[in-house]
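A look at the structure
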Amino acid sequence: MKCARCLLQLQGLQLQGLQLQGLRLQGLQLQGLQLQGLRLQGLQLQGLQLQGLQLQGLQLQGLQLQGLQGQSARSAAQRGALLQSSSQPHMLRNTQHQVIRRFHRSPINDKNQPIPAEFIDEDDNKKDKSLVIHDDLFEQVARETKTKATFNKVVEVFIKQDVRRRGHVEFIYAALQKMPEFGVERDLAVYNKLLDVFPKEVFVPRNFIQIMFNHYPRQQECGVQLLEQMEGYGIMPDVDTKVLLIQIFGVKGHPVRKYQRILYWFPKFKHTNPYPIPKNLPEDPVDLARFSLARIADDRDAKVTVYQLPCTDITESGEEITLPHVVGIQSPSQMELLAQHNPSRPVFVEGPFPLWLRDQCVYYYVLRADPVPPEEKVEEPYDPERSLAYPLQLDLDLDRDLGDEESFDVEDLDEGAVFAMCMTSQGDQAVLNQWVSGLQQNNPILGRVPTLFRLEQGPRELQGAHKTKSDHQHRPDPQTQREEEEDDEVSVEEEPRRSQEMKQ
Amino acid sequence: MDNNSCESSRLKCLFLSWPASPSARLLTSVLPHHQLLLPPLSPLTIPCRTKIQRDYRRPGQPIENKYPLNFNFSKGIEGIKKHFTLMKDEFFGRWVGPEGKPLIEHILEQNLVIWKFRGPESLEQWTVSSDQEIGGQSEAHLKMGRNDNTCFLHGKLSSTIPRDGETRYSGYCNMRSKTPKASFDRKKHYDWSSFNTLHLRVRGDGRPWMINIATETYFSHQKDDIYNYFLYTRGGPYWQEVKIPFSKFFLSHRGRIQDSQHPIWLDKVNTIGFTLGDKADGHFQLEVDFVAVSKDYAHTEEFAYEMYERNPKRERIE
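Residues numbered from 1 in each chain as written. Chains lettered and ligands numbered in written order. Predicted model: local features only at pLDDT ≥ 70, side-chain atom pairs only at ≥ 80, totals over all residues. Heavy atoms only, no water.

If you look chain B up in an unreviewed UniProt entry, it shows as Complex I intermediate-associated protein 30, mitochondrial from Champsocephalus gunnari. Heading Function (unreviewed entry) of the UniProt record for chain B holds this comment: "As part of the MCIA complex, involved in the assembly of the mitochondrial complex I." (UniProt positions renumbered as here; feature names shortened; annotations may be inferred.)

The name given to chain A in an unreviewed UniProt entry is Evolutionarily conserved signaling intermediate in Toll pathway, mitochondrial, with Champsocephalus gunnari as the source organism. Within the UniProt record for chain A, the comment given under Sequence similarities (unreviewed entry) is "Belongs to the ECSIT family."

Have a look at this one:
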């Protein structure tokens, strides 16, 4: 519509989806006008009178208003709809990404307007009336570049946008939620930067009444939540954190008190773990297996042997075969126990059992025997020559009173002896056979003892005496040494394995 | 597993927060039919003793006063028999000595096994709960170990937060002993005042657990006061003996460690529990052989944490 200068009177006009370009209106009177989805570009209005005007989802670019009289003009600016007035001299304009400021209007109207501080694209006209969510700021970062640098950049953009930091509470909550996606949840510097978003010295209470009445409770709660997330990840706050917190909330607020609590309790509980796990676990599976086997062996003299390193072979037919790693551990006392084991009774390879290292679960297999029935137990007297420095057994007639009994009134659990442990990525019978034959080098008795496999698909409980099936299926034939083919599938029931020659 | 529990401890980690809830404990017990004569008050003032162990009630929800309405004659007879037997034992036990043991044993004993799992009936003394009470997806089950000598707590943790708008953390499970009962369901407490160490024999899978001890309290605000300490399991096929002196237990309320600390009072201990709430999703298992208390003469520490006033009132300078 191109209208030249004329005295235009528009009453009760409804304009929807109207596009006006290069329009000049002079002496326009608009009464009861409803404009929806209006786009005005390069508009010049002179002597305009507006009464009862409702503007929704309006975009005005390059607008010049002169002598405008606005009466009860309410504009509900929503996401993707920003008002810009050319009368503002310091307007930022950018063709692609317009960071548009709001009108400087009285704070009474601010209640109706949620905060529109974000990027807009010209294609991206979201006119929905949903709540303002600051996740979008983080969503707009490209999927593949979610790093600490981009996270910092988003925070900086927010800080620079508005000196009053409107909406910082929602922004910080959104940022705290998005941290794991960007991989910065354990980074203290990022938390400090996020704390920097709070405006300083505004929330510091100035008298005892303000202290008493939880000055700026929402902001204090936000600060406490930030510290709580730090605490949840086990990050110790810094002196920078303390300085920031005091600048923002003052010494008497909840965030500083929370910070003090963290600083009090964390050092007390830092070294309570008698079996500590290093902060950075080894990533190489063999090293990880070494560490975890040494942990569960509970014996400093136990020795870790790597029977096979992981490697990928390409056979002649071009197939790729991945050989898993096989790492085993055995201590001298376990070797002795195995040497004393009755060859007519079988030994069992059981597994896989779970072992959790912080948030990672690894599985181990165990070579053990059933408990010896009481009639077969032989109590060997201590050999006095085993230790010449001090006697291992003392026959003292201690006059012990009722109050000096140091043992508990519980029967000893009789579980079978454990002879060795191993870890491997592929826990099928072939691989475990490899392990057992590797063990056989140091424990020749394994050549004479039948080995049964009790493997299960999933992780399983460590069990004590399994009294049922094993005795039926076990066919002891220690004299013959026939080779038997092994199945490669994982078997749930026990399968007898003939004792074999050592594998070459 | 039966999930009857009275406020079992729900600790994800030390620092959970729960909305406050008023307690509904009155000093007199009024029979329910008297209630109809009074104008209907808010459900929280139901006049009944909270000695009946109910399922978990989310704080803020009204208490459902469900009395067992089906009267089973044989169960009634059994109940009468049981309670009168207990009463008779208590009566004649007093002639032997305190708690049914001779006095010299009660004073001098150094080790006392409280719970040992020899037989499926020992599992009746324990209650297992998980965050399914608040809408989460972890599971926990308790059964006997293979050779009927240990208890085996296993399940799966999942830290997906239930979407009810107010829960912030999730992913825990808990095994708590039931409060000991005297005859006619009266409250009874464990008296561990002559001991100073908790001794456990466990076999875990490397996960860090937390031990909670709840004592008898007087004020209703203290209802969720629990004394905690960590139980770090090593994992592996070997059993682990854990000795924790009672001086190391710190006070927490609803999962939040408190500023003002004091040592645990051992003369009226109600329950002990084990909680798992490390944020690692996946299966878990814990085997417990026995739980005992002992007196370690070498341990002289009274309390491991400072007891000075944390929030001192500022001195007014006149």
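Still more ground to cover, so stick around.
**Description of the sheet that holds strand β2 (residues 126–130) of chain B**
The pairing of strands in a sheet happens through backbone hydrogen bonds and is either parallel or antiparallel. Residues and elements named next belong to chain B. In space, the 7 strands of this open sheet follow the order β2-β5-β12-β7-β8-β10-β11, with antiparallel pairing throughout. Taken across any chain shown, the strands that pair with only one partner, and hence form the sheet edges, are β2 and β11 (256–257). Here 4 bridges tie strand β8 (residues 225–232) to strand β10 (residues 250–253), and the two strands are oriented antiparallel to one another. Its bridge partner being in β10, Ile226 is matched across the sheet by Ser252. (Pairing = 2+ DSSP bridges. Helix = DSSP H or I, 4+ residues; strand = E, 2+ residues; numbered from the N terminus.)

**Quick look at the interface of chain B and chain A**
With 61 residues of chain B at the interface, the matching set in chain A holds 55 residues. A combined buried area of about 4800 Å² lies between chain B and chain A, and 52% of that area is made up of carbon and sulfur atoms. Our enumeration of links across chain B and chain A arrives at 7 salt bridges. Counting only elements with at least two residues in the side of chain B that touches chain A, the list comes to α3 (103–108), β1 (111–116), β6 (197–204), β8, β11 and β13 (282–294) of chain B. Looking at the side of chain B that touches chain A element by element, the count peaks at 9 residues for β13 of chain B. (Contact = heavy atoms within 4.5 Å. Buried area = accessible area lost by both parts, 1.4 Å probe. Salt bridge = Lys/Arg side-chain N within 4 Å of Asp/Glu carboxyl O.)

**Regarding the pattern of salt bridges**
Tallied over the entire structure, the rule returns 30 salt bridges over all chains. In this structure, Glu156 of chain A and Lys193 of chain A form a salt bridge, with 3.4 Å as the shortest nitrogen-oxygen distance. Taken together, the positions of Glu156 of chain A in helix α2 (residues 148–161) and Lys193 of chain A in helix α4 (residues 188–195) put the pair 37 residues apart, joining distant regions of the chain. Judged by relative accessible area, Lys193 of chain A falls into the partly exposed class, the value being 22%. Between Asp289 of chain B and Arg118 of chain B there is a salt bridge whose closest N-O contact spans 3.1 Å. Of the two residues, Asp289 of chain B is situated in strand β13 and Arg118 of chain B in the loop between β1 and β2; the sequence distance between them amounts to 171 residues. (Buried < 20%, exposed > 50% of the residue type's maximum accessible area, 1.4 Å probe, protein only.)

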